[in-house]
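Structural overview for review
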Amino acid sequence: MTGKFSVLTAGLLICLCVQVKAQQKTPNPVFTADSLATGNYKDVLNSFFQFAFERMTSPNKELKFTGTPFAVMAKLDTTLLVDTLYTKYRALRNLNYMVSLRLDTSFRFNGFSSGIKYAIINKRDETVSRVFLNTVRNHARSKQLFALNDLIMAKISTMPNPAGAIMEYTGFRQGITNFNALSQSLQDTILAVAASSDATRGLGEILKRNSDFNLAQTADSIYQDLRSNFNQNLLWTVGVTDTTYKDQLMFSNIVIHTELIKGLNKFSTSKNDLELNIRSQLQLADDTLQLKRDLKRAVFNFEPGINWAIKTRHTRKSYLELKFSGGYFYNFSQLYAGEERNRLFFNGTIRIRVMNDIWVPVEFKYEPKNGNLFGFINVRANFKALAGAARML
Amino acid sequence: MAKSAKKAKPKPKPDTTSNTKTETMTTQGLTANSLATAEAPHSQPVDVTFNFTSGVGQATAVLFRKGVLINMQSISKSGNVNFSEVQSGDVISISGVCAGKANVAINTPTTPVTPEQFNAGLIIAGYLVN
C-alpha cells in the first residue's frame, strides 16, 4: 500500500515539475475551453478524454475512461479539426462513451462497465457557435481594439521606415511588450491615432491612464469574459450505463440516466459561477431474492442540486467547487427486509483542482432519517488531446 | 393625433456626399497616380490564407497604402482573401475572432513573417509587405 502511495506521490511531483517548467516558458498563459470549464461541467459532458479513479475509499473502486469518438477520429486524422469539417461532426462531439474496470478492496477485477451519453441540448459549445463569434466581434471593447489596430496599420503605411515600427508594434499586440515599454515615438503615435477617431478615443484615454496596458491580456480578458458567460448556457444529456458480473459477461446492472446543467448567474459581475444541476436515473439491478440472475429490481433516483464554482480573479479558472444537492430514491420492486420504498438524502461534493486538468472530488451523502453519513474520494483527469492534435497541423 | 401629424416635419435627407471613413485617414500629398497600381510593374496579387481549426472563426483583412484603405475583405471560414494589386510598403491589417486556433499566412514576404498562429480569442495583427 505504501508503495502505491509512493508511486502516486512521485507521479504527482513529476507532473507538478513539468507544470512549473511549462509556466516558465510561457509568460502569457493560454486558456482553452477545457482548462476553464468547471469540473462539474466536464463530469457531465467531456470534450476530449477523462480518466477517473473513482470511489478510492469504497470497497467497489472504479477505474474509468471517458472519451468522445470525435477525439479519437481527430487524433487519427487531424484534418477533421479544420473548421469546415469540424462543424459537420457536431453530433459525434456530443457523444461520450465510457469504459471502466471495477475493482474490489484488494484491487482485483470485480466487473466491467460501459456506457454512452449524448447531449440532446448543448448550447455551451462555443467552438461551433456563430452567435458566439458575432457576440465577441461586435462587443464594444473588441471593436475598439480592432479599430485601433486598423488606425495604427494605416499610420504605419505612411511612415518612411515602417519596418521598425511594425516590429515594435507586433511585440505590443502579442503581449510581449506593455504600452509603457514601447518607444516614446510609437507611444505618441498610438495615442495620436487613438485620439483621431471617436471609435478609439476611449481606448486612448485608457492607454494614457494605464501605462502598463497589455493589449494581448486585454483582448484575452474580453474573450474569456464572454466565453465564461456562454458556458453557462443549457446542457442536457441522456445516457445508459451497464455493468457486468465479474464471473460472467452478463449485465448485473443497467442505469438509464439524464442530467441537466444551466448557469444561474449569467452576465453577473461575480467571477464565481453558480449552476443548476439536476440528475435523474432509473437503475435496473439484479433482485438477489431470486435465485437466478435478472434485472427486476428497479430504483428511481432524482437529485436536484446547485454547484458553486469559486474562480481565480484573473485567470477565471475554478479551483474549488462546492455542490449541494438533495437525493430522492423510490424503489419500484419488492422490498428487502428492513428496506424502505422512499429514501431521502442530502449530498455534498467538494471538488478541488489539484492541477490544471486533475480534480479530486470528495463526496458526502447524508441520510437524515437514519443519520447515516457516507463519503467517497475520486480523482479525475481531463486530457486535452485535441489541443495537442491541433498544434500538429 | 391628426394635429401632431400635420406638424410633423419631413426627415432631412441623408448627405450622400459625406464619407465617414475619411476622419481616420492621413491623405496629405496623395494624388490618384500615387495610389494607382494598374500600371505599376511591381504590384502583385497577394493571398492571405486563414485556417481555422478546432472551432469556427471569422476575420477581416484590410489593405492600406500610404494611409488610405485600398481594399477590405472578410472571411467566415478557412480560405483565402485575395488582394489583386499589392505593392511593397503596403500594410495588411487583420482583425477577427476564432473559437479554436487560427493560422494566418500571406504568400509574399512580410514583416513580421507569416504564418502566425493565434489561440482562441481575438485576432489582432498587421503585416508590412516587403
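What comes next is a walk through the structure. (Residues numbered from 1 in each chain as written. Chains lettered and ligands numbered in written order. Predicted model: local features only at pLDDT ≥ 70, side-chain atom pairs only at ≥ 80, totals over all residues. Heavy atoms only, no water.)

Things to note about the overall build of chain A
The secondary structure content of chain A amounts to 13 helices and 13 strands. Considering only contacts in chain A between residues 6 or more positions apart, those separated by 24 or more positions represent 58%. Counting only carbon and sulfur atoms, one obtains 62% of the accessible surface of chain A, whose full area is about 19500 Å². (Helix = DSSP H or I, 4+ residues; strand = E, 2+ residues; numbered from the N terminus. Contact = heavy atoms within 4.5 Å. Areas by Shrake-Rupley, 256 points an atom, 1.4 Å probe, with all protein chains shown as cover.)

Side note on the packing of aromatic side chains
Each pair of aromatic rings is reported with the distance of its centres and the angle of its planes. Residues and elements named next belong to chain A. Throughout the structure, instances matching the rule amount to 10 aromatic pairs over all chains. Aromatic side chains Phe172 and Phe179 sit 5.9 Å apart centroid to centroid with 55° between the ring planes, which places their arrangement in the tilted category. The exposure class of Phe172 is buried, given its relative accessible area of 0%. Taken together, the ring pairs in this structure connect Tyr169, Phe172, Phe179 and Phe213 into an aromatic cluster. Taking NZ or CZ as reference, Arg93 lies 5.3 Å from the ring centre of Phe70, over its face. Geometry around Phe345 places Lys365 over its ring, the cationic atom sitting 5.2 Å from the centre. (Phe/Tyr/Trp six-rings, centres within 6.5 Å; stacked < 30°, edge-to-face > 60°. Buried < 20%, exposed > 50% of the residue type's maximum accessible area, 1.4 Å probe, protein only. Lys NZ or Arg CZ within 6 Å of the ring centre and 35° of its normal.)

Topic: the interface of chain B and chain A
Counting residues at the interface gives 47 residues for chain B and 49 residues for chain A. At the boundary of chain B with chain A, total buried surface from both sides reaches about 3600 Å², with 62% on carbon and sulfur atoms. Contact with chain A buries area across many residues of chain B, yet Val56(B), Leu122(B) and Ile124(B) alone supply 19% of it, more than any other trio. Close ionic contact of Arg173(A) with Glu116(B) constitutes a salt bridge, the shortest N to O distance being 2.9 Å. Linking chain B with chain A are 18 residue pairs in polar contact (both at pLDDT 80 or more), by the criterion used here. Secondary-structure elements contributing two or more residues to the side of chain B that touches chain A are strand E1 (44-53), strand E2 (57-65), strand E5 (91-98), strand E8 (116-118) and strand E9 (121-129) of chain B. For the side of chain B that touches chain A, a count of residues per class yields 21 nonpolar, 20 polar and 6 charged. (Buried area = accessible area lost by both parts, 1.4 Å probe. Salt bridge = Lys/Arg side-chain N within 4 Å of Asp/Glu carboxyl O. Polar contact = N/O pair within 3.5 Å; in protein donor to acceptor, adjacent residues only side chain to side chain. Nonpolar A, V, L, I, M, F, W, Y, C, P; charged D, E, K, R; others polar.)

Some points on the pairing of strand E8 (residues 297-311) of chain A
All names here are of chain A. Note that strand E7 (residues 273-285) and E8 share 13 bridges and pair antiparallel. Note that in E8 the partner of Ile278 across the bridge is Pro304. As judged from the 11 bridges shared by E8 and strand E9 (residues 318-331), these two strands associate in the antiparallel manner. Among the inter-strand pairings, Ile310 is bridged to a residue of E9, identified as Leu320. (Pairing = 2+ DSSP bridges.)

So, the environment of Val48(B)
Its location among the elements puts Val48(B) in strand E1. Setting aside residues up to four positions removed in sequence, Val48(B) forms contacts with Gly79(B), Asn80(B), Val81(B), Phe83(B), Ile92(B), Ile94(B), Val104(B), Ala105(B) and Ile106(B).

Some details on helix H9 (residues 162-173) of chain A
All names here are of chain A. Here H9 is 12 residues long and its end C-alpha atoms lie 16 Å apart, about the 16 Å a rise of 1.5 Å per residue gives. Listing the buried residues of H9 in full gives Pro162, Ala165, Ile166, Tyr169, Thr170, Gly171, Phe172 and Arg173. Looking one or two residues beyond H9, the residue adopting positive phi is Gly175, at roughly 85°. (Expected span 1.5 Å × (residues − 1).)

Points about the sheet that holds strand E4 (residues 79-86) of chain B
All names here are of chain B. Pairing is antiparallel across the open sheet formed by 4 strands, whose spatial order is E4-E1-E6-E8. Across the chains shown, the open sheet's two edge strands, defined by having one partner strand only, are E4 and E8. Strand after strand, the sheet turns through a mean of 20° between neighbouring axes, direction not considered. Judged from the 6 bridges that link them, E1 and strand E6 (residues 101-106) form a sheet pairing that is antiparallel. Note on E6: the bridge partner recorded for Val48 is Ile106. (Axes fitted to C-alpha atoms, helices over the stretch in contact; angles between N-to-C directions.)

Examining unusual backbone geometry
Residues and elements named next belong to chain B. A cis amide bond, omega -5°, links Thr111 with the succeeding residue Pro112. Mapped onto the elements of the fold, Pro112 is located in the loop between strand E7 (110-111) and E8. In the Ramachandran plot, Ser54 falls in the positive-phi region, its phi being about 55° despite a non-glycine side chain. Among the structural elements, Ser54 can be located in the loop between E1 and E2. Phi at Lys66 is positive, roughly 50°, even though this residue is not glycine. One can find Lys66 in the loop between E2 and strand E3 (68-75). A residue is classified by how much of its surface remains accessible, and Lys66, at 37% relative accessible area, is partly exposed.

A closer look at the packing of helix H8 (residues 140-156) of chain A against H9(A)
Residue and element names in this part refer to chain A. Relative orientation of the contacting elements H8 and H9 amounts to 160°, with a least axis distance of 10 Å. On the basis of the axis angle, H8 is roughly antiparallel to H9. When you trace H8 past H9, the crossing you get is right-handed. Here H8 contributes Asn149, Ile152, Met153 and Ile156 to the contact with H9, which in turn contributes Pro162, Ala165, Ile166 and Tyr169. (Parallel < 35°, antiparallel > 145°, perpendicular 65-115°, else oblique. Left-handed = near helix turned anticlockwise from the far one by under 90°.)

Details of the environment of Asp294(A)
Residues and elements named next belong to chain A. As for its position among the elements, Asp294 is in the loop between E7 and E8. Each C-alpha atom, one on Asp294 and one on Phe251, is 8.4 Å from the other, the two residues being 43 residues apart in sequence. Once residues within four sequence positions are removed from consideration, Asp294 is found in contact with Tyr245, Ala285, Asp286 and Asp287. For Asp294, the side chain forms a polar contact with the main-chain nitrogen of Lys296, separated by 3.3 Å.

Here we look at the pattern of salt bridges
For side chains bearing opposite charge, pairing can occur when the charged atoms are close. All names here are of chain A. With the rule as written, the count across this model stands at 12 salt bridges over all chains. Notably, a salt bridge pairs Glu205 with Lys208, separated by 3.7 Å at the nearest N-O pair. Linking Glu205 with Lys208, this pair stays in helix H11 (residues 201-209), spanning 3 residues, or about one helical turn. On the basis of relative accessible area, Glu205 is assigned to the partly exposed category, the value being 35%. You can call Lys208 exposed: its relative accessible area is 51%.

Considering the pairing of strand E4 (residues 109-122) of chain A
All names here are of chain A. By the bridge criterion, 8 bridges tie strand E3 (residues 95-103) to E4 in an arrangement that is antiparallel. Residue pairing for E4: Ser100 is matched across the bridge by Ser113. Two successive antiparallel strands, E3 and E4, enclose a turn made up of 5 residues, where Phe107 displays a positive phi of approximately 60°. Here E4 pairs with strand E5 (residues 235-244) via 9 bridges, running antiparallel.

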